[in-house]
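Analysis of the macromolecular model
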Amino acid sequence: MFGKLTWDAIPFNQPIPLITSLVILLVIAALAIWVWRKGWWPYLWNEYITSTDHKRIGVMYIVLALVMLVRGFSDALMMRAQQSLAIGASQGYLPPEHYNQIFSAHGTIMIFFVAMPFVIGFMNFVVPLQLGVRDVAFPTMNNVSFWLTASGVLLVNLSLVIGEFARTGWLGFPPLSEKAFSPGVGVDYYLVALQVSGVGTILTAVNFVTTILKTRAPGMSYMRMPIFCWTALASNLIMLAAFPVLTATLGLLMLDRYLGFHFFTNDGGGNSMLYMNLIWVWGHPEVYILVLPAFGIYSEVAATFSGKPLFGYRSMVFATLAICIISYCVWLHHFFTMGAGADVNAVFGIASMIIGIPTGVKIYNWLFTMYGGRVRFTVPMYYLIGFMLTFVVGGLTGVLLAIPPVDFVVHNSLFLVAHFHQVIIGGVVFALMAGYTYWFPKAFGFTLDERLGKAVFWCWFIGFHLAFMPLYVLGLWGGTRRMQHIADPTWAPWLNVALVGAVIIGLGIVLTVVQLLYSIQTRDRRRDVTGDPWDGRTLEWLTLSPPPHYNFAVLPDVHGEEAYWTRKQTAIKLDRLIEEPDYQPIEMPLNTPIGVIVAFFASVCGFAIIWYIWWLAILGLIGAFAVLVWYSWQDEHEHIIPVEEVRANARERRRVRMEHLQELSQST
Amino acid sequence: MTSEAATIGLTHGASEDTGLGQRGPQSKSIVVPYGFWLFVLSDMVLFSALFATYATLVHATDGGPVTSQLFDRSLVAVETVSLLLSSFVCGLAMVAAKRANMVWTQVWLVLTGLLGLVFLVIELREFAGLVAIGAGPQRSAFLSSFFTLVGCHGAHVTAGLMWIGTMSAQIWAKGFQPHIVRRLLCLSIFWHALDIIWVAIFTIVYLIGTLP
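**Describing the overall build of chain B**
From N to C terminus, chain B includes seven helices and zero strands. Order of helices (α) and strands (β) in chain B, N terminus to C terminus: α-α-α-α-α-α-α. Partitioning the intrachain contacts of chain B with sequence separation of at least 6 by distance along the chain shows that 79% fall at a separation of at least 24.

Put into structure tokens, the structure is as follows:
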């Protein structure tokens, strides 16, 4: 009846996961009751959960990512603590089977459920605004994508309470992840959660490539698109072509585990190196899925806060697309030790180094954007500068790793761990924090506190270097990754420094929460009334903060690069706004519960597959299909916003803008 | 209105057309099939991973049967003909839908589905026959990859059949509304794409596999 599911699945004898899950359940229950007591459920349901508004969906993605950041970071702290404690005679506090689950969950969560939703959240929020349109190409599907991602999150976290998580690392390499060596449900949790959220990601990619290529404001040709949109396009093209490979690869491993196939097994002619190749054909481009939009954020920040157009816009576009393509030609550098031979390794080593060239172009472009500009040292700018310092070093250690003989020495060592954390924290996380500060006023209508923001930056910057520089040293000494116990006591000082670094990063995360709460409390002092708090250059700053559901009363007409900057400067020069246009009623997509319902069935079906409850899995599939048919039978998917409402909102915006314009002309 | 304001962007609806389709967002009749095409492309990437797996493992027979002992060209020929014919009939259904001819649209759609069903039945019989002689997917890595590649295509055909059934009912109930016709277009894109995949399977798996 319930497959493999019994009471033994709940970890009554393991205090750490048991207490953690109890606390999490209590917090969720308390939050739900608090929201209910406040009477906010209808608001949440109508304005967020069922929303098809790209801005709201973007905010939900980012909230999801921040919550999961706390989860993934807790895993990181536990690992650092274990490695500081379990030295020499001491065994620390985490037994090996638990420690292995923690490092697997840390990697899985940080990549799939922190970095990915964070990046996708920004693309959701920013891209349609920057393109000067009202929503993405497929708003309802956007909602479904989000909830499928949330379903994956739910399944991963469920493994804490019911059963166990994978002990096989964040990519689940066979033959360890095969049934013979991992008979439990841990790997199944991993596989199913990633399959469900992977479908969401592919749909997102379809949505954004279509949006960027087919729906842009009048006059916005390719070479007039803001650079963030270019990087989002490149990132989504990679997603579109890489994520199906992940789906296929994980699907093959599922067939091995569930039906006894022989793709990656040791017997029956299976070939586990095939898995390495397939998973890294997805895995390496994945790095660029994350880092290209990060580069886009830095570009927007650099131009805005230097008060200059981005230096070398065209070379930036070219570099982005070059990275987009070369990212597919380097996957083998993750396993030079496979033994493919000197020639193959040389090709992939050189290809990996070549990626450094367009990346270098970008670094110089940001530097030259700042050069000669009126640089305002705001929080996003701190992150940009911190990023350039950190990322260049991380890139250089990457070039070291791209040399096959060097890689043979440091393969799977802490040197590698330090390298990829340096590029992902220094490259991606810093960008996400910069973007969070930069676009927060656009989303909520008030800015975040600047002093606390700078404190957060210093915590990340100092904490990161303390946490990971020691790992380079230990890696060069021969320290392998994922060690539950350290035999050599001379490593202790380095590991303790790393622990201190992790604690400082933790302080930064706490301060982020403090910053948010403090900024909400003092929001009346920091309102963004003009919609353009940073003196921005792209179209998202044209509309109000927060923007109306339809973003723009009339789609802006784009003349030249930097659509909004040109328009703003002309208005200042002529001392008047654009003529009031002829407003029209606007057709917008209706809210829909379809995303939540489909994700519900996907979660039920996924849970049933993990625990071998086949009747429930079939029921879940039938439910999902029935809901899709029901949805396709509806006739009304749009509603009309009356012209009076559009006109009233637009006039209010014009009045605000007019006042702002007068202030500007008085000050100059 | 000064000319300066007109050139630098303080006017409405006067942006120059540089010939790259940037006269504002495209209509739904462009956007929807375009998005669906992208989805089909990503599906093809998924298949390409399965093809790569098959190519890697085709000789990993673990002492079990090899390709030339298992495949029957004439059976596959019938399969291929029925699937390709169903694509042609699907095209006829699209023509009829364009003319808003309910009867013929339904006839061609049902015929498309029936031909797809013929294909599927032959495939399932082939699978059952292989399992019966001990050449099931658990036998060797080669057979695992064969069943997965061909079976994944078969699963797509099954999904297509469910879609054809739903679509046929929807046209019957709602008539040729624009969004319904767009969906029909997507269905036909999907169905033709399955043909393309099948041609590759036919060549790489069956033709090469039965070379003397």
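**A word on the overall build of chain A**
Per the secondary structure count, chain A includes 20 helices and two strands. Taking 668 residues into account, the globule formula puts the C-alpha radius of gyration at 26 Å, and chain A, at 25 Å, falls close to it. If one aligns the C-alpha atoms of chain A with their principal axes, the spans along those axes are about 75 × 55 × 45 Å. In chain A, 84% of the contacts between residues at least 6 apart in sequence involve partners at least 24 apart.

**Overview of the nonpolar core**
If you look at the biggest cluster of nonpolar residues, it comprises 245 residues, and the most contacted ones within it are Tyr 189, Tyr 298, Tyr 383, Ala 431 and Ala 434 of chain A. Excluding anything up to four places from it in sequence, Ala 431 of chain A contacts Ala 294, Ile 297, Tyr 298, Tyr 383 and Phe 387 of chain A.

**Points about the environment of Ile 613 of chain A**
All names here are of chain A. The topology assignment puts Ile 613 in the loop between α18 (594–610) and α19 (614–633). Judged by C-beta crowding, with 20 C-beta atoms within 10 Å, Ile 613 ranks as buried. Linking Ile 613 and Pro 293, residues 320 residues apart in sequence, is a C-alpha distance of 40 Å. With sequence-adjacent residues up to four places away left out, Ile 613 is seen in contact with Phe 2, Gly 3, Leu 5 and Ala 608.

**Observations regarding the interface of chain B and chain A**
Often, the extent of an interface is quoted as the loss of accessible area on bringing the components together. The interface of chain B with chain A comprises 46 residues on the first partner and 50 residues on the second. Within the residue set of the side of chain B that touches chain A, elements represented by two or more residues are α1 (3–8), α2 (28–57) and α6 (141–174) of chain B. Looking at which element gives the most residues to the side of chain B that touches chain A, the answer is α2 of chain B, with 16 residues. Residues belonging to the side of chain B that touches chain A are distributed by class as follows: 21 nonpolar, 21 polar and four charged.

**As for unusual backbone geometry**
In this structure, Pro 175 of chain A follows Pro 174 of chain A across a cis peptide bond, with omega equal to 0°. Summarising the element assignment, Pro 175 of chain A is placed in the loop between α5 (139–161) and α6 (186–214). Cis geometry marks the peptide bond from Ser 545 of chain A to Pro 546 of chain A; its omega dihedral reads -15°. Residue placement: Pro 546 of chain A occurs in the loop between α16 (492–521) and α17 (563–574). Look at Asn 412 of chain A: it is not a glycine, yet its phi comes out positive at around 60°. Position of Asn 412 of chain A relative to the elements: it lies in the loop between α13 (404–410) and α14 (414–444). The phi torsion at Asp 62 of chain B lies on the positive side, around 55°, for a residue other than glycine. Within the secondary structure, Asp 62 of chain B sits in the loop between α2 and α3 (67–70). Here Asp 62 of chain B falls in the partly exposed class, since 14 other C-beta atoms lie within 10 Å of it.

**Quick notes on helix α11 (residues 356–370) of chain A**
Residues and elements named next belong to chain A. Counted at 1.5 Å a residue, the expected span for α11 with its 15 residues is 21 Å, and the 21 Å between its end C-alpha atoms agrees. Along α11, the residues classified as buried are Pro 358, Thr 359, Lys 362, Asn 365, Trp 366, Thr 369 and Met 370. An end-on view of α11 places all buried positions within 135° of arc, on one side of the element. Where α11 is buried, its residues meet α8 (272–306), α9 (313–326) and α12 (379–401). Downstream of α11 by one or two residues, Gly 372 has phi in the positive range, about 80°.

**Focus on the environment of Leu 148 of chain A**
All names here are of chain A. With respect to the helices, strands and loops of the structure, Leu 148 is situated in helix α5. Given 25 C-beta atoms within 10 Å, Leu 148 falls into the buried group. The spatial distance from the C-alpha of Leu 148 to the C-alpha of Gly 595 is 7.6 Å, given a sequence separation of 447 residues. The contact partners of Leu 148, leaving out residues within four places of it in the chain, are Val 196, Ser 197, Val 199, Gly 200, Ala 599 and Ala 602.

**Topic: the packing of helix α3 (residues 54–85) of chain A against helix α4 (residues 96–131) of chain A**
Residues and elements named next belong to chain A. Interhelical geometry of α3 versus α4 gives an angle of 155° and a closest axis separation of 7 Å. Of the possible angle classes, the one that applies to α3 and α4 is roughly antiparallel. Considering only the axes of α3 and α4, their crossing is left-handed. A breakdown of the residues in the contact of α3 with α4 according to their chemical character gives 25 nonpolar, seven polar and three charged.

**Re α5 of chain A**
Quick reminder: α-helices carry 3.6 residues per turn. Residues three or four places apart thus point the same way. Residues and elements named next belong to chain A. In this model α5 runs 34 Å from its N-terminal to its C-terminal C-alpha over 23 residues, within 8% of the 33 Å that 1.5 Å per residue would give. With 19 of 23 residues buried, α5 is to be regarded as a mostly interior element. Among the residues trailing α5, Gly 163 stands out with phi positive, at a value near 95°.

**Section: the packing of α8 of chain A against α11 of chain A**
All names here are of chain A. Look at α8 against α11: their axes get within 9 Å of each other, and the N-to-C directions meet at 15°. What the angle tells us is that α8 and α11 run roughly parallel. In this structure, α8 meets α11 at a crossing whose hand is left-handed. On α11, the residues touching Phe 295, Tyr 298, Ala 302, Ala 303 and Ser 306 of α8 are Lys 362, Trp 366, Thr 369 and Met 370. Of the residues assigned to the contact of α8 with α11, the class counts are six nonpolar, two polar and one charged.

Rules of the game
- For every chain, the first residue of its written sequence is number 1, and the numbers climb from 1 along that sequence.
- As a convention, the first chain written is A and the first ligand written is 1, with the rest following in written order.
- A pLDDT threshold of at least 70 governs which residues receive local features in this predicted model, and a stricter bar of 80 or more applies before side-chain atom pairs are shown or counted, although totals over entire chains, interfaces and linings include all residues.
- Labels follow the DSSP assignment, with helices taken as runs of H or I lasting at least four residues and strands as runs of E lasting at least two, numbered in each case from the N terminus.
- We call two residues in contact when the distance between their C-beta atoms, placed using the backbone, is within 7 Å.
- Computation of the radius of gyration draws on C-alpha atoms alone. For the globule rule, the value is 2.2 Å times the number of residues to the power 0.38.
- Take the buried Ala, Val, Leu, Ile, Met, Phe, Trp, Tyr and Cys residues, join any whose C-beta atoms are within 7 Å, and the set you get is a nonpolar core.
- With C-beta atoms placed from the backbone, a residue is buried if 20 or more other C-beta atoms are within 10 Å of its own, exposed if 12 or fewer are, and partly exposed between those counts.
- Only Asp, Glu, Lys and Arg are considered charged, only Ala, Val, Leu, Ile, Met, Phe, Trp, Tyr, Cys and Pro nonpolar, and every remaining residue, Gly among them, polar.
- Any helix carries an expected span of 1.5 Å times its number of residues minus one.
- As used here, the arc is the angular range of directions from the helix axis to the C-beta atoms.
- Each axis is a line fitted through C-alpha atoms, and for a helix only the stretch in contact is used; angles between axes span 0 to 180 degrees, taken between their N-to-C directions.
- Under this scheme an angle from 65 to 115 degrees is roughly perpendicular, one under 35 degrees roughly parallel, and one over 145 degrees roughly antiparallel; angles in between are oblique.
- Working rule for handedness: look at the near helix, and if it is turned counterclockwise from the far one by less than a right angle, call the crossing left-handed; if clockwise, right-handed.

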